[in-house]
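Here is what each chain is made of, one letter per residue.
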Amino acid sequence: MILLLLVACKTVTLTGNAPADVVVDPVVQEVVAMPPAPVPTPKPMPLLNINPVDLRVDRVMGTLVYGPGSMVKSATYTEYWMDLDTALETLGGMPESEVSVRFQVVETKLRSVTPESDMPSPDGGIRITEHHGFLVLPSSEMAPAP
């Protein structure tokens with residue numbers, strides 16, 4: 001298929017002076033200074049000594065939650081949320097003893113939980129810091145690069 005495009009052009013020749021009825025706009029080039037791109041700050045990668053007692057599995061959501069100190073009553077808790085299948089693959093299955101791994105934080109969320117009115121609780125409820133991310137084996141346990 002051949003497409004034929006005809007364009008009508010008008011040639012304009014400018015002489016020293018433009019006719020009175022023609023307005024000529026000067027070409028203005030404005031240079032706008034762009035701010036430098038923000039440098040992403042690296043997310044923390046804490047070393048966790050995971051005790052299997054502090055692990056919770058949620059098969060419905062497909063998550064593994066590590067909550068150190070979850071067996072102790074406190075006004076604040078920190079939890080590490082990760083994908084269940086990926087975490088079990090990294091750990092080589094559910095750990096039966098304490099294991100040391102790094103946790104790459106991708107996102108951090110804060111939430112408050114208010115227990116029932118007849119339950120003892122601190123003023124303002126219980127504050128929980130959720131770190132969402134994935135596990136990374138320490139470099140000594142990683143396989144050598146090919």
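Rules used throughout
- Residues numbered from 1 in each chain as written.
- Predicted model: local features only at pLDDT ≥ 70, side-chain atom pairs only at ≥ 80, totals over all residues.
- Heavy atoms only, no water.
- 1 Å grid on protein atoms, 1.4 Å probe; cavity = no way out; pocket = protein on both sides within 12 Å on 5 of 7 lines; lining within 4 Å.
- Points joined across faces, edges and corners; volume = space filled by probe spheres on them.
- Nonpolar A, V, L, I, M, F, W, Y, C, P; charged D, E, K, R; others polar.
- Phe/Tyr/Trp six-rings, centres within 6.5 Å; stacked < 30°, edge-to-face > 60°.
- Helix = DSSP H or I, 4+ residues; strand = E, 2+ residues; numbered from the N terminus.
- Buried < 20%, exposed > 50% of the residue type's maximum accessible area, 1.4 Å probe, protein only.
- Pairing = 2+ DSSP bridges.
- Axes fitted to C-alpha atoms, helices over the stretch in contact; angles between N-to-C directions.
- Contact = heavy atoms within 4.5 Å.
- Patch = residues over 30% accessible without salt bridge, like charges linked within 9 Å, V, L, I, M, F, W, Y side chains within 5 Å.
- Areas by Shrake-Rupley, 256 points an atom, 1.4 Å probe, with all protein chains shown as cover.
- Salt bridge = Lys/Arg side-chain N within 4 Å of Asp/Glu carboxyl O.

Novice: An account of the layout of surface pockets is needed here, citing residue identities and associated values.
Specialist: Size it by volume and the largest pocket reaches roughly 200 Å³. Lining the largest pocket are Lys73, Ser74, Tyr77, Val113, Pro115, Met119, Pro120, Ser121, Pro122 and Ile126. Broken down by class, the residue content of the lining of the largest pocket amounts to 7 nonpolar, 2 polar and 1 charged.

Novice: Provide a residue-level description of the packing of aromatic side chains, including the pertinent values.
Specialist: Scanning the entire structure with this criterion turns up 2 aromatic pairs. With 5.2 Å between their ring centres and 75° between their planes, Tyr80 and Phe103 make a pair best called edge-to-face. One end of the pair, Tyr80, is in strand β4 (residues 76-83); the other, Phe103, is in strand β5 (residues 99-113), and 23 residues separate them in sequence. Taking the relative accessible area as the measure of exposure, Tyr80 reaches 11% and is therefore buried. By relative accessible area, Phe103 is classed as buried at 0%. An aromatic cluster is defined as three or more aromatic residues linked by ring pairs; in this entry it consists of Tyr66, Tyr80 and Phe103.

Novice: Tell me about the sheet that holds strand β6 (residues 126-136), and please be specific about residues and values.
Specialist: Spatially, β1-β5-β6-β4-β3-β2 is the arrangement adopted by the 6 strands of the open sheet, whose pairing is mixed. The two strands at the open ends of the sheet, each matched to only one other strand, are β1 (47-50) and β2 (55-58). Neighbouring strand axes in the sheet, compared pairwise and without regard to direction, differ in orientation by 40° on average. Sheet topology places β4 next to β6; 7 bridges connect them, and they run parallel. Opposite Tyr77, over in β6, you have Ile128 as the bridge partner. Against the sheet, helix α1 (residues 84-91) engages β2, β3 (63-66), β4, β5 and β6, with an angle of about 85° to β4.

Novice: Got a sec to walk through a nonpolar patch on the surface? Specific residues and values, please.
Specialist: Side chains of Val53, Met71 and Val72 sit close together on the surface and give an oily, nonpolar patch of about 330 Å² of accessible area. Of note, Met71 is situated in the loop between β3 and β4.

Novice: Break down the pattern of salt bridges for me, citing the residues and quoting the values.
Specialist: Under the defined criterion, the tally for this structure stands at 3 salt bridges. One salt bridge connects Glu79 with Arg56, and the closest N-O pair in it is separated by 3.4 Å. Taken together, the residues Glu79 in strand β4 and Arg56 in strand β2 connect sequence positions 23 residues apart. Among the residues examined, Glu79 registers a relative accessible area of 8% and is labelled buried. Note that Glu130 is salt-bridged to Arg111, the shortest N-O span being 2.4 Å. In this pair, Glu130 sits in strand β6 while Arg111 sits in strand β5, placing the two residues 19 residues apart along the sequence. With relative accessibility at 8%, the residue Glu130 sits in the buried group. By relative accessible area, Arg111 is classed as partly exposed at 33%. Beyond isolated ion pairs, a larger network of salt bridges with shared partners links Arg56, Glu79, Arg111 and Glu130.

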